[in-house]
Amino acid sequence: MRPIKQLAFFWGISEATFFFIVPDVLLTYIAINNPKKAFQLMITTLIGAVVGGVIIMGLGHVFYEQLSEAMIHIPAISKPMVASVDVTVMNQPVIGMIKGAFMGIPYKLFALSYGNHGVSMSVFIVASLVARTLRFSLTIIVAGIISNILRKIGVLKIKYIHSLFWVLFYGWYFFIMS
């Protein structure tokens, strides 16, 4: 497997388990030069994310309390957020995960709660693929469109803007979610 695919795969696993920076950062970076390649890389990222999600789901079935306690030590995750996701999964497991993907709710919390509530693995995998594909696709498309609009300023400046965007986004996100 090529290094970029390895990075995408392990970023998917990591963000689904303990890492707090979304793989969209990598996918949108690739989309600056080549949206088609970003979409291809998205598949590898999705596989990694689902693998990580399945791990957390399985562990959540047995060690829900311990894992939820550990999760609140990850930046931007709080006890109320964990409890809110738990209620969402009880009431709307699939739609809740899809909405959560666009509301800044970490995927790992859905995986944990799916395990806690014994939701079937097939439902989890389908919901994961739909939610993650929609979000990753949207960020790749937006990055590709913005990159095309800004193409005149040069790729290097677009990459600086990309970096600045993600730094500002996470500054805002951590401030709002804390």
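Residues numbered from 1 in each chain as written. Predicted model: local features only at pLDDT ≥ 70, side-chain atom pairs only at ≥ 80, totals over all residues. Heavy atoms only, no water.

Enquirer: Would you explain the overall build of the chain in this entry?
Expert: Of regular secondary structure, the chain possesses eight helices and zero strands. Counting helices and strands in the order they occur from the N terminus, the chain gives α-α-α-α-α-α-α-α. Relative to the 2.2 N^0.38 estimate, which gives 16 Å for 178 residues, the radius of gyration of the chain is 16 Å and therefore close to what a compact globule would have. A principal-axis box enclosing the C-alpha atoms of the chain has dimensions of 50 × 35 × 25 Å. With 178 residues in all, the chain has 46% of them scored as buried. Across the chain, every contact between residues at least 6 apart in sequence was considered, and the portion connecting residues at least 24 apart equals 74%. Accessible surface for the chain amounts to roughly 9200 Å². Of this, 73% is attributable to carbon and sulfur atoms. Separation between the mean location of the 13 positive side-chain charges and that of the 5 negative ones in the chain comes to 23 Å. (Helix = DSSP H or I, 4+ residues; strand = E, 2+ residues; numbered from the N terminus. Rg over C-alpha atoms; globule rule 2.2 N^0.38 Å. Buried < 20%, exposed > 50% of the residue type's maximum accessible area, 1.4 Å probe, protein only. Contact = heavy atoms within 4.5 Å. Areas by Shrake-Rupley, 256 points an atom, 1.4 Å probe, with all protein chains shown as cover. Lys, Arg positive; Asp, Glu negative; His and termini not counted. Charge placed at Lys NZ, Arg CZ, Asp CG, Glu CD.)

Enquirer: Help me understand helix H5 (residues 93-101) in this model?
Expert: Side chains of residues three or four places apart in an α-helix project in the same direction, reflecting 3.6 residues per turn. Those residues of H5 that fall on the buried side of the exposure criterion are Gly96, Met97, Ile98, Gly100 and Ala101. Turning to H5, the residues buried within the fold contact helix H4 (79-91), helix H6 (107-117) and helix H7 (121-150).

Enquirer: Sorry, what's going on with unusual backbone geometry here?
Expert: Peptide bonds are mostly trans, and most non-glycine residues show a negative phi. Positioned with a positive phi, Ala76 is a non-glycine residue whose angle comes to about 75°. Within the secondary structure, Ala76 is located in the loop between helix H3 (35-71) and H4. Using a relative accessible area of 10% as the deciding quantity, one classes Ala76 as buried.

Enquirer: What am I meant to see in the side chain of Thr28 here?
Expert: Within the element layout of this structure, Thr28 appears in helix H2 (residues 24-33). Ignoring anything within four residues of it in the chain, the contact list for Thr28 reads Thr139, Ile140, Ala143, His162 and Trp166.

Enquirer: Before we go on, may I ask you to explain the environment of Leu112 in this structure?
Expert: By the secondary structure assignment, Leu112 is in helix H6. The class of Leu112 is buried, set by a relative accessible area of 1%. Distance in space between the C-alpha atoms of Leu112 and Arg2 is 30 Å, their sequence separation being 110 residues. Excluding anything up to four places from it in sequence, Leu112 contacts Ile56, Gly60, Tyr64, Leu67, Ser68 and Met71.

Enquirer: Would you mind going over the packing of H3 against H6 with me for this structure?
Expert: Packed helices, taken two at a time, are described by the angle their axes make and the gap between the axes. At a minimum axis distance of 6 Å, the contact between H3 and H6 shows a crossing angle of 75°. Relative to H6, the element H3 lies roughly perpendicular. In this structure, H3 contributes Ala49, Val50, Gly53, Ile56, Met57, Gly60, His61, Tyr64, Leu67, Ser68 and Met71 to the contact, and H6 contributes Tyr107, Lys108, Leu109, Ala111, Leu112, Ser113, Tyr114, Gly115 and Asn116. Here the contact of H3 with H6 is composed, by residue class, of 12 nonpolar, seven polar and one charged. (Axes fitted to C-alpha atoms, helices over the stretch in contact; angles between N-to-C directions. Parallel < 35°, antiparallel > 145°, perpendicular 65-115°, else oblique. Nonpolar A, V, L, I, M, F, W, Y, C, P; charged D, E, K, R; others polar.)

Enquirer: I tried to follow the packing of aromatic side chains on my own but got confused; where do I start?
Expert: Given two aromatic rings, their pairing is described by the distance between the two centres and the angle made by the two planes. Applying the stated criterion to the full structure yields 16 aromatic pairs. Here the aromatic rings of Phe20 and Phe174 are separated by 5.9 Å at their centres, their planes lie at 65°, and the arrangement is edge-to-face. On the criterion of sequence distance, the pair formed by Phe20 in the loop between helix H1 (3-17) and H2 and Phe174 in helix H8 (residues 155-177) is long-range, its members being 154 residues apart. Geometrically, the ring pair formed by Phe165 and Trp166 is edge-to-face, given 5.0 Å between the ring centres and 80° between the ring planes. The partly exposed category is assigned to Phe165, whose relative accessible area is 47%. Overall, the relative accessible area of 11% leaves Trp166 in the buried class. The ring of Tyr107 carries Arg132 above its face, with NZ or CZ at 4.5 Å from the centroid. (Phe/Tyr/Trp six-rings, centres within 6.5 Å; stacked < 30°, edge-to-face > 60°. Lys NZ or Arg CZ within 6 Å of the ring centre and 35° of its normal.)

Enquirer: Can you help me understand the nonpolar core in this one?
Expert: General note: in soluble globular proteins, nonpolar side chains tend to be found buried as a group. Residues Met71, Ile77, Met97, Tyr107, Leu109, Tyr114 and Phe124 are the most contacted members of the largest nonpolar core, which totals 28 residues. Those elements that provide at least two residues to this core are H3, H4, H5, H6 and H7. It is H3 that contributes the most residues to this core, seven residues altogether. Those residues in contact with Leu109 that sit more than four places away from it in its chain are Met71, Ile77, Met81, Val82 and Val85. Among the nonpolar cores identified, the runner-up in size contains 20 residues, and Ala8, Trp11, Leu46 and Trp166 belong to it. (Core = buried A, V, L, I, M, F, W, Y, C linked by side-chain atoms within 4.5 Å.)

Nothing here speaks to function; it is all geometry.
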